[in-house]
Every structure is written in C-alpha cells, then in structure tokens.
Amino acid sequence: MEDGAITGECNAESFIRCGKVKLDREDIILTYSDGFTDLLQEEEFISQILHFEKSEFEQFITEISKKDPKKYGREKTLVIMKK
C-alpha cells in the first residue's frame, strides 16, 4: 500500500484519522475514493451534490466520465451523508 488506500492491510490503520467536528444542519459529509478527486474541482459536480437528485447525478457522472475517460473514468466510490 503506497497511496493510503484503505483496502484491508494492517498498515492502512496509519492513514485513518479520528476526531470530532461540530456539524451544522446544512453540512454535507463526503467520503470518496480517489476516482472522485478531479471531480471535486468541477463546479457542476459540487452543484450536483448540493442539489442531489439520484438520476441526474448518475447521468452527470456517466456523461463526464465518457467525455474525458482518462481524467474522470476511473473507479469511483462516493458516500454522501446529509440531513
């Protein structure tokens, strides 16, 4: 493991950070794999998260991945948590 991926190896524990943070009702928590790193810089991606609608979001991800597969076509895992 060289890049901090949490894939089950014992030495992955050194990449885990625990703590507490006060959240407001409007806050959104994202947990994502590195396949989403470049997308986090895209204004439309942020807009899709803020106004989340599953089918629109999936369509956006599919389209942008096809448009630039080298940059956006990698394996992606995303967990969105919001109230």
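What this report covers is the structure whose coordinates are included nearby. Owing to the predicted nature of the structure, the values given are computational and were not obtained by experimental measurement. Throughout, a residue's number is its position along its own chain's written sequence, starting from 1. Local features in this predicted model are restricted to residues of pLDDT 70 or higher, and side-chain atom pairs are both shown and tallied only at a pLDDT of 80 or more, whereas totals for entire chains, interfaces and linings draw on every residue. To get the side-chain values, take all heavy atoms of the structure and skip hydrogens and water.

1. Let's talk about helix H1 (residues 43-50)
Partly exposed describes any residue whose relative accessible area lies between the buried limit of under 20% and the exposed limit of over 50%, with all areas from a 1.4 Å probe on protein chains only and scaled to the type maximum. Helix and strand assignments come from DSSP, with helices taken as H or I runs of at least 4 residues and strands as E runs of at least 2, each series counted from the N terminus. All of the buried residues along H1 are Phe45, Gln48 and Ile49. Taken around the axis of H1, the buried residues stretch over an arc of 100 degrees, which confines them to a single face. Starting at the helix axis, one direction is taken to each C-beta atom, and the arc is that of these directions.

2. Quick look at the pattern of salt bridges
By definition, a salt bridge exists where a carboxyl oxygen of Asp or Glu is found within 4 Å of a side-chain nitrogen of Lys or Arg. Here the structure, examined in full by the defined rule, presents two salt bridges. One salt bridge in this structure joins Asp34 and Arg74, with 3.4 Å as the shortest N-O distance. Placement of the pair is Asp34 in the loop between strand E1 (28-32) and H1 and Arg74 in the loop between helix H3 (69-72) and strand E2 (78-82), with a sequence separation of 40 residues. With a relative accessible area of 37%, Arg74 lands in the partly exposed category. The shortest N-O distance in the salt bridge between Glu58 and Lys54 comes to 3.2 Å.

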